[in-house]
Amino acid sequence: QYRLLVELNQKRAEGWANMGYVLLATKRVEEADEAVEQSIALNPDYEQAWWNKAAICYQYKDADCMKTVYNQIRRLNPGNPKLQALKQAVAQWQSS
């Protein structure tokens, strides 16, 4: 049902990001990634889409992806207190 709502309003980044979150919660990581990428393509300044992408990168254990996400979120909202935890995750993966 959620997919239908998003398809009816395909130009809304928020809908795609939310669908990605729902798909990720149901362990459909590849589909979640596609939805989040659509959200980012529609609005690269939508911070929540980048946080969803961080969760996907974490599932893939992809340090390069996490670094990209960290840099995008820092660009959009440098004062976000959650950035420190994301930075630590990136540093941990880069050292392993």
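First things first, this report covers the structure right here in the doc.

The rules we used
- Residues numbered from 1 in each chain as written.
- Predicted model: local features only at pLDDT ≥ 70, side-chain atom pairs only at ≥ 80, totals over all residues.
- Heavy atoms only, no water.
- Axes fitted to C-alpha atoms, helices over the stretch in contact; angles between N-to-C directions.
- Helix = DSSP H or I, 4+ residues; strand = E, 2+ residues; numbered from the N terminus.
- Parallel < 35°, antiparallel > 145°, perpendicular 65-115°, else oblique.
- Left-handed = near helix turned anticlockwise from the far one by under 90°.
- Contact = heavy atoms within 4.5 Å.
- Nonpolar A, V, L, I, M, F, W, Y, C, P; charged D, E, K, R; others polar.
- Expected span 1.5 Å × (residues − 1).
- Buried < 20%, exposed > 50% of the residue type's maximum accessible area, 1.4 Å probe, protein only.
- Core = buried A, V, L, I, M, F, W, Y, C linked by side-chain atoms within 4.5 Å.
- Salt bridge = Lys/Arg side-chain N within 4 Å of Asp/Glu carboxyl O.
- Disulfide = S-S within 2.5 Å.

**A word on the packing of helix α2 (residues 13–25) against helix α4 (residues 47–60)**
Inference 1: Where α2 contacts α4, the axes come no closer than 9 Å and their chain directions differ by 25°. With respect to α4, the element α2 is oriented roughly parallel. With respect to the hand of their crossing, α2 and α4 are arranged in left-handed fashion. Across the interface between the two elements, Ala17, Asn18, Tyr21 and Leu24 of α2 pack against Ala49, Asn52, Ala55, Ile56 and Gln59 of α4.
Inference 2: Of the residues assigned to the contact of α2 with α4, the class counts are 6 nonpolar, 3 polar and no charged.

**Describing α2**
Every α-helix carries 3.6 residues per turn, so stepping three or four residues along brings you back to the same face.
Inference 1: An ideal rise of 1.5 Å per residue puts 18 Å on 13 residues; α2 measures up with 18 Å between its terminal C-alpha atoms.
Inference 2: Three or more residues of α2 are buried, namely Ala13, Gly15, Trp16, Ala17, Met19, Gly20, Leu23 and Leu24.
Inference 3: Phi turns positive one or two residues past the end of α2, at Lys27, with a value near 65°.

**A look at unusual backbone geometry**
Inference 1: The phi dihedral of Lys27 is positive, around 65°, even though this residue is not glycine.
Inference 2: Mapped onto the secondary structure, Lys27 falls in the loop between α2 and α3 (29–42).
Inference 3: Here Lys61, not a glycine, exhibits a phi torsion of approximately 55°, which is positive.
Inference 4: Along the chain, Lys61 turns up in the loop between α4 and α5 (63–76).

**With respect to the nonpolar core**
Inference 1: With 29 residues, the main nonpolar core has Ile56, Met66, Val69, Ile73 and Leu86 as its most contacted residues.
Inference 2: Broken down by secondary-structure element, the contributors of at least two residues to this core are α2, α3, α4, α5 and α6 (83–95).
Inference 3: What Ile56 contacts, discounting residues up to four positions off in sequence, is Leu24, Val29, Ala32, Asp33 and Val36.

**Some thoughts on the pattern of salt bridges**
Inference 1: Counted according to the given criterion, the structure contains 5 salt bridges.
Inference 2: In this structure, the salt-bridge partner of Glu14 is Arg12, at a minimum N-O distance of 3.5 Å.
Inference 3: Among the residues examined, Arg12 registers a relative accessible area of 43% and is labelled partly exposed.
Inference 4: Measuring nitrogen to oxygen at the nearest pair gives 2.7 Å for the salt bridge that ties Glu37 to Lys53. With Glu37 in helix α3 and Lys53 in helix α4, the pair connects residues that are 16 residues apart, well separated along the chain.
Inference 5: You can call Glu37 partly exposed: its relative accessible area is 37%.
Inference 6: Taken together, the shared-partner salt bridges in this structure form one network comprising Asp33, Glu37 and Lys53.

**Some remarks on the state of the cysteines**
Inference 1: Taken as a whole, this structure holds 1 disulfide when the rule is applied.
Inference 2: Each sulfur of the disulfide joining Cys57 and Cys65 lies 1.8 Å from the other. No difference in accessibility class separates Cys57 from Cys65, as the two residues are buried.

Any functional reading would require information beyond the geometric quantities listed.
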